[in-house]
Structure formats: C-alpha cells, structure tokens
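The primary structure of each chain is shown beneath.
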Amino acid sequence: MARGKLRIHLGAAPGVGKTYAMLSEAHRRVGRGTDCVVAFVEHHGRPRTEVMLHGLEQVPRKELEYRGGVFAEMDLDAVLARRPQVALVDELAHTNIPGSRNAKRWQDVEELLAAGIDVVSTVNIQHLESLGDIVESITGVRQRETVPDEVVRRADQVELVDMTPEALRRRLAHGNVYQPDEVDAALSNYFRPGNLTALRELALLWVADRVDAHLTRYRSEHRVSQIWGSRERIVVGLTGGPEGRTLIRRAARLAEKGAGGEVLAVYIARSDGLASASPNELAMQRTLVEDLGGTFHHVVGDDIPAALLAFARGVNATQIVLGSSRRKSWQYVFGPGVGATVARESGPDLDVHIVTHDEVAKGRGLPVARGARLGRSRRAWGWLVGIVGPPVLTVLLSAVDLGLANDMLLFLALTVAAALLGGLLPALASAAVGSVLLNYFYSPPLHRWTIADPKNIVAIVIFVAVGVAVASVVDLAARRTQQAARLRAESEILSFLAGNVLRGETGLEDLLERVRETFGMESAALLERADDVGPWTCAGRVGPGRPVERPDQADVDMPVGDHMALALTGRVLPAEDRRVLSAFAAQAAVVLDRRRLREEADRARALAEGNRIRTALLAAVSHDLRTPLAGIKAAVTSLRSGDVEWSEEDRSELLEGIEEGADRLDHLVGNLLDMSRLQTGTVTPLIREIDLDEVVPMALGGVPEGSADLDVPESLPMVAVDPGLLERAVANLVENAVKYAPPGTPVLVAASALADRVEMRVVDRGPGVPDAAKDRIFEPFQRHGDAPRGAGVGLGLAVARGFAEAMGGTLNAEDTPGGGLTMVLTLRAAGMRPEPHHAAEPERQAS
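Because the structure is a prediction, the values reported are computed rather than measured. Within each chain, residues carry numbers counting from 1 in the order of the written sequence. Side-chain atom pairs in this predicted model are given and counted only at pLDDT of 80 or more, local residue features only at pLDDT of at least 70, and totals for whole chains, interfaces and linings cover all residues. With hydrogens and water stripped out, all remaining heavy atoms of the structure feed into the side-chain values.

Remarks on the overall build of the chain
Numbering of helices and strands starts at the N terminus; helices are DSSP runs of H or I of at least 4 residues and strands are runs of E of at least 2. Looking only at helices and strands, the chain features 25 helices and 24 strands. When the 847 residues of the chain are sorted by exposure, 43% land in the buried category. Across the chain, contacts joining residues at least 24 apart in sequence account for 70% of those joining residues at least 6 apart. Surface accessibility follows the Shrake-Rupley procedure with a 1.4 Å probe radius. Residue values consider only the protein chains on display as shielding. Accessible surface, the chain as shown: approximately 44,200 Å² in total, 55% of it carbon and sulfur. Burial here depends on accessible area, computed with a 1.4 Å probe over protein chains only, as a share of the maximum for the residue type. Under 20% is buried, over 50% is exposed, and the range in between is partly exposed. Note on definitions: a residue-residue contact is assigned when non-hydrogen atoms from the two residues lie within 4.5 Å.

Next up, the structure:
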C-alpha cells in the first residue's frame, strides 16, 4: 500500500488563517471530485471558519472522560474505517486526552498516512520542538505541545500562511480570533508587535531553509551545474596564509548585505600533500569562519582554480572572494595565478572579488620556524656542523691533495650532514661557507677570490644547488614526519571516540578523564545551563585542578551548542589541538544525553512495570480473588437461610466448600504478598543449615493425598537455605505440577547431590512447555496455554524463582523425558561460600 501524502499549512501565530486555508483547499478538492472528509477541525468559535465547514463531510468525534469532564477527540478508528482519499486534521501538535490510542495527534496522522490516506494539517511555528527555547525567549511562554521537526520536514508540501503583525492585530481587535473578553490581554501579551515580528521571521527562515534543501536536492538529482542566484552564497578561497582572516571577514561583510547570505570557506590541498598550509593558521581560520556563522570545507585537487570553481558551482555559490597574489613580479612568468584564472573562467553567473591585504607581492618566503620541528639539540648540532665543519675539513685537506672533484664531494657530504641534522638553514650556511673555502683554497688561482676555469664555476654552483636541494628535502621530510605523527595521534583519538559510539559506552567521567590525559590538563569539566542567562552547573568533572564554575574561568573553553561547554584547566592549548578537542566535546554532550535518556528509559520502564503489576493485581482482585469470596459468601448465605432445611450431608458439603474457598483465598493472597515483597526487594532470607527431609514433606501438605511421590534420600548433604522460603517455593512448584499432571499420575519430587550443589526435581507428565516459553512462565501473572482464569493469578512460579534466587539458588524448567515438564531447583550445599546477594536481584529476575 502506497503511503499517503502530508500537506501542512504553517503559520507564525494563531489567527493567521491556517485552518481557513486548509478548509478552502478541501472545498477545491471536493469540487474536483476528491473524497475528502473532516477528521478533526476546531473552529474555536470563529464564524468565518465555522462557515467553511458547511458542505464538508465530518467524521463524528470520539468522546472521552477525563477528570470529571467529557472531551471530544478525533476518532482514529472511524477515519480508518471510512478510508477517505483525503483527511483534514487540524492542530498537528495537539496532545490527546489520556485514554486515546496515541499520546500525540501527529502520531494519529502517521497512522493515517501509513494506511494510504492523504492528510492536510496545520501547525504554528512555535510548536516545532527545536524552536522551543527560542520561542520562550521571545514570548516568555514555554510551549508544552510540540511536534518533532522531522515530522514536519517529511511533509510532501509545506505551505506558509503569512500575515503581517499589523493585520493580525487588527483581526484580533475585531474579534475574529479570540472572544472579546480575551482580546485586550492577548494584544498586550503574546500578540505584541515585537513578538509577532520575531515569530514571523522564524517561520519565513524555516520555510526558506526547507526550500533551499529542496532546491539543492533538485539540482543534484537533475545534475544542474549552472548557478542559480536564488540566494547569496559566498565562497572564500584560502591558501593557509595569514591573509585568510582578512578574506573571511570581508566575505562576512558581503554576506550581511544580503538577506540569508552564507559564507563557505574552502581550502584546497594537493593530492600529493607536498604543498600544505600551516595547520595552526588553518585551525584559527576555521574557528573564525564558524564564529561568524559560516562553514569550513577541505577539498583535495591538483588544479586549484578548477577545483575551486567546481566547489563553488556545486554549492550554487554566487560570489567568490580571493586574495591578491603573494607572488613577486618575476614569478608571473610561470602563469597568471589562481585569482586571474578563476576570474577568467568563472563565467557571467559567478562574481569574483580580489581583495587586497598586507601580504600582497611579499612572496611566500622561507618558513624559518620549520627548523623547530627537528628539536633544539639537533638544530644545534646542525649549526655546529654547518659553520665549524667546513673550516675543520679545510684544515684536514691541507695535508693531502685529492683534487678539486674529491674536495667538492667531501664538502657536499658535510652540507648533507648539516641538512640531516639541522634542516634547511644550517645546510645553507654550510653550502655558503664551503663554496667560499672551495673557491679560496682549492679552485685555481689558489688563495684568491676569483675562479679562472669556468668549469669550476659550474661545479661550485652545482655544489650549492645540491646542498640546498638536499636540505629542502630533509626539511620537508621532517615536517611531513611531524604532521604524520600528529595526524596518527589524532586518528587514534578519533578512532577511540568512534569506538565509544559503536560500543555504546556512556561513562562521562571516563571520557573526561581521557580528555584530561590526552591534552595533559589538570582538570576537565562539562558545564551546562538551561538558557542564555541561567547559572552554569557541572554535569561531570575529573582531575585535581581548581573547580571551574563558568567557562570563562577555564584555560580552555570549547562550546558545545548554545548551553553547554567543555572547560579545561592547566594550560592554554594551541589552535591545532582544538579540532580534536571539539570532537571530544561533542562526544561528551552525546554521552551526557545518552545517560539521561537511559535514566529516563529506566524510570519509564519501572513505571511501565509498576503499571503492569497494578493492572494485573486489579485483574486478580476483580476475578481470581472474588471467585472464592463469592463461593464462601454463597455457602454462608445458604447455611444461614431459614427457608431451607439442610441435611447433614448438604451442610457438610457447604462447609467443605467454605473451607476450600478460604484455603484458595489464603493461597492467592499469600502469593500476592510474596510477589509484592520480591518486587520491592524486601526479601531477606535467614540462611541456616537443614536437611531437605525436614522441609519438603511439609511443603506437600497442601496437595491432595496420593498426588505426589517423594524421593529424598537420607544420605543427601545438608543445604544452606531459609526453611520458610524453601517450603513456600517447593509448595508452589508441586501445586503447579499437580495442576497440569494427568489424572491418576502422581508428581515425582526427587532430590540428588551434584558436586557442591543439591538439585531438587519436580517432575510431571503433563503437556509440557515449548522452549520459547520456558523463561516466560516465570514472569508474574503468566498462565501457560489454556489454563482457566480460576486456576490462579500466575504468580506461583515467579514467587518460587524469586525465593530460590534470594537464597542463592536457581530455578529452571526442563523437558521431562517422554513428555511433561521438570522444574529443577538448585540449592547450595551446607558449608559452601554463598554468592554475593543483592537485594534488587530477586526483583529483577522475578519481573
């Protein structure tokens, strides 16, 4: 069956005309021959809306009693039975009266859609769940009735019903929205011009975002590459240089000039990774973009202009912001540059802004700080070899004559050693000193600063070039090694976080401890607050450092959303560490939410279990307990009647019925009380060592004579049990077995020793229980098969298992060979160390 389609009329506030628009749409559809009915529409006493209901079929509402009143709700079953093509359902966020099938009206709508019925509905923007805090800050009123955003986003059509604040206030003043006695209060409170304007803006922006999502999906599905300037999107091309911050701020100012402007910063890295930007600078620029409300993107591409234009067209951008080139004039012989190429190939639909900055034409320069990546001691040795090494080598070579070629190779080896130790700058110094010494001491004419043979000039130039090249390669390798080590550490950390998500680990303190250890901080805390002005509270904290009450008191503050922050104390982190820290912060928020959801689920589960138990208790009281009471009362009434002369045989039979009813009532009440003790965890066994033959025969006193055979050898070891709980458990097991055993076939109660345990088996030859139901029969209020209602309330086996586990034993069900069911009660032999017992364990198992 095809799913129905949902159309929603969205408004900024009550009274804008959503219901009127929905009914107008219904009249148009009915006029076209569509089977359309009114499932639920509330006109709120508005005459014009009420008139629109005329001529439309209305499904009668369902009346429910609640707190002494009668309320009308949508009759979901009646609508499903009527099965129209289109159903009108007003007020999508409405909360149904308790007793309805679903708690929310949008859940009723989901059932209608699943049944293939199209639905037209209405909702106000303040009822969207994600906007609750914003609406409360605007109006001062917390919306209790909400609908999940995803329900509205999944709608096939969302139509905005718009009205200016002035027009809506006029409608309100004319009595077209509320009753006359409510108008003044509404105009001075919720319907103030500022409130209505802000709500209208929320509605317009929400619809605009949805339209934008539809447009993006349409362009992707139809592979539209041409830019449609429906919205200002500004792409900022970043190189990783310091001018990027200037470009980002300039793009943000451009975006502010147009409504709904959006900034997208993109850094394009080469696929070989040989020309990478400073991670520190990119981290700072990413933070700046996000602070200004934009987004940061990392794209891989060898042809930078083509990759930049492809990205801009892919996001339907309208403008590109680039910085003036930092290349010097002579470098333009290698090409026009990225800015000129992008401007030439952008086409008429994409504007390109070239922004000047302080780094224009200064060149990229030599990154002097790169040597710091090699370590201080290593750089010191590099400078020592580069400066002192050539003179020392010159002294050593003065004693032998190896020829200019060999002398140059030795100086080159010294330059390579300086590059390997200290990086680029020591190697350049070594090459410079070595070339001067080669010229003065070994290149004819000797001891002069001139070179007579041009071949020697080429040799010295090659020597310097090779030294610089080797030094550059060593420096690049050092930088790549450090980056690889850092990325490996980041990947391990992110892999740890991903593993936590997949494994469902929800230890907030463990995660905070991991943050503290990873970044070497003194303490880590997750702070949160209810709103923008509320006090901060600590959701979790680890570490011996000073306690932090507000994010601004910490050395590092990583926001998580609007009302949560991860605060660290100990030191200030560099910018490149904040990327991984943001992942930790997001995971901490997820862990906190998951923990609270689990706590809420546990509370809900406990409430549901309590409700189930209470419902079953009521059923037991209403039927199983009243049955013996009714029998007792009938027998007593008959005996007291003076109109009938009872014979001794009849009187004896009535008295026997009273006794049986009382025994049955006592048994049922006893089981109910035992189950109540197990549910509340108040069973405290008094363990002592006894023989089974002291307790088991007493447990058989409640079954008819001859219905059970006992086989308990005297040689069995003593057991450590509570005699009262054991007697009650065995009695319940035997009574259950006798109930299902065939007539004339006694139940066997046998016991045997096995290692450090004693097993008692209650064997019957009844119909047995399937494997799938063997665990279910130990749950409270469960009757297997077609057991009659009068056979008990289904607590005997649950109580027996609860008592067995309270004594440190177990109770399980097995198939009897040849047919039937065997209950296996395992008890600890005397002298064995008891297992740790938790008071809540019987409750968990029994429930």
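Alright, that's what it looks like, and here's the rest.
A short note on the environment of R313
Topologically, R313 is positioned in helix α12 (residues 304-314). For R313, a relative accessible area of 25% translates into the label partly exposed. Expressed as a C-alpha distance, the spacing of R313 and L350, which sit 37 residues apart in the sequence, is 8.5 Å. In protein, a polar contact requires one atom able to donate a hydrogen and another able to accept it; more generally it is a pair of N or O atoms within 3.5 Å, and residues adjacent in sequence count only if both atoms are side-chain atoms. Polar contacts involving the side chain of R313 include one to the main-chain carbonyl oxygen of E345, which spans 3.3 Å.

What about the sheet that holds strand β22 (residues 757-763)?
Here, a strand pair is defined by DSSP locating no fewer than two bridges between the strands. Taking strand neighbours across the sheet as the criterion, the five strands line up as β19-β21-β22-β24-β23 in an open arrangement whose pairing is mixed. The sheet terminates laterally at β19 (708-711) and β23 (810-815), the two strands that pair on one side only. Strand-to-strand twist in this sheet, taken as the mean axis angle between neighbours without regard to direction, amounts to 20 degrees. Of the pairings in the sheet, the one linking β22 to strand β24 (residues 821-828) comprises seven bridges and is antiparallel in character. Residue pairing in the sheet places R761 in a bridge with V824 of β24. Where helix α23 (residues 723-740) meets the sheet, its contacts fall on β19, β21 (747-754), β22, β23 and β24, and the angle it forms with β24 comes to roughly 170 degrees. For helices, the fitted line uses only the C-alpha atoms of the stretch in contact; every axis is such a line through C-alpha atoms, and the angle between N-to-C directions lies from 0 to 180 degrees. Across the sheet, helix α24 (residues 796-806) is in contact with β23 and β24; its angle to β23 comes to roughly 130 degrees.

Here we look at the packing of α12 against helix α13 (residues 338-345)
For the pair α12 and α13, interaxial distance at closest approach is 9 Å and the crossing angle is 45 degrees. The pairing of α12 with α13 is recorded here as oblique in orientation. For the crossing formed where α12 meets α13, the hand is right-handed. Residue-level contacts link I304, P305, L308, L309 and R313 of α12 to V338, T341, V342 and E345 of α13. Each residue gets one label: Ala, Val, Leu, Ile, Met, Phe, Trp, Tyr, Cys and Pro are nonpolar, Asp, Glu, Lys and Arg are charged, and the others, such as Gly, are polar. Split into classes, the residues belonging to the contact of α12 with α13 amount to six nonpolar, one polar and two charged. Roughly parallel refers to an angle under 35 degrees, roughly antiparallel to one over 145, roughly perpendicular to one between 65 and 115, and oblique to any angle outside these ranges. Left-handed is the label given to a crossing in which the near helix is rotated counterclockwise from the far helix by less than a right angle, and right-handed is the label when the rotation is clockwise.

Overview of the pattern of salt bridges
Salt bridge, as used here, is a side-chain nitrogen of Lys or Arg placed within 4 Å of a carboxyl oxygen of Asp or Glu. This structure, assessed with the given rule, holds 23 salt bridges. Two residues, R82 and E57, come together in a salt bridge whose shortest N-O distance is 2.9 Å. Taken as a pair, R82 in helix α3 (residues 76-82) and E57 in strand β3 (residues 57-58) lie far apart in primary sequence, 25 residues in all. A salt bridge links R595 to E509; its shortest N-O distance comes to 3.8 Å. Taken together, the residues span a long stretch of sequence, with R595 in helix α19 (residues 578-624) and E509 in helix α18 (residues 508-519) at a distance of 86 residues. A single salt-bridge network, built from bridges that share partners, covers R7, E25, R28, R29 and E159.

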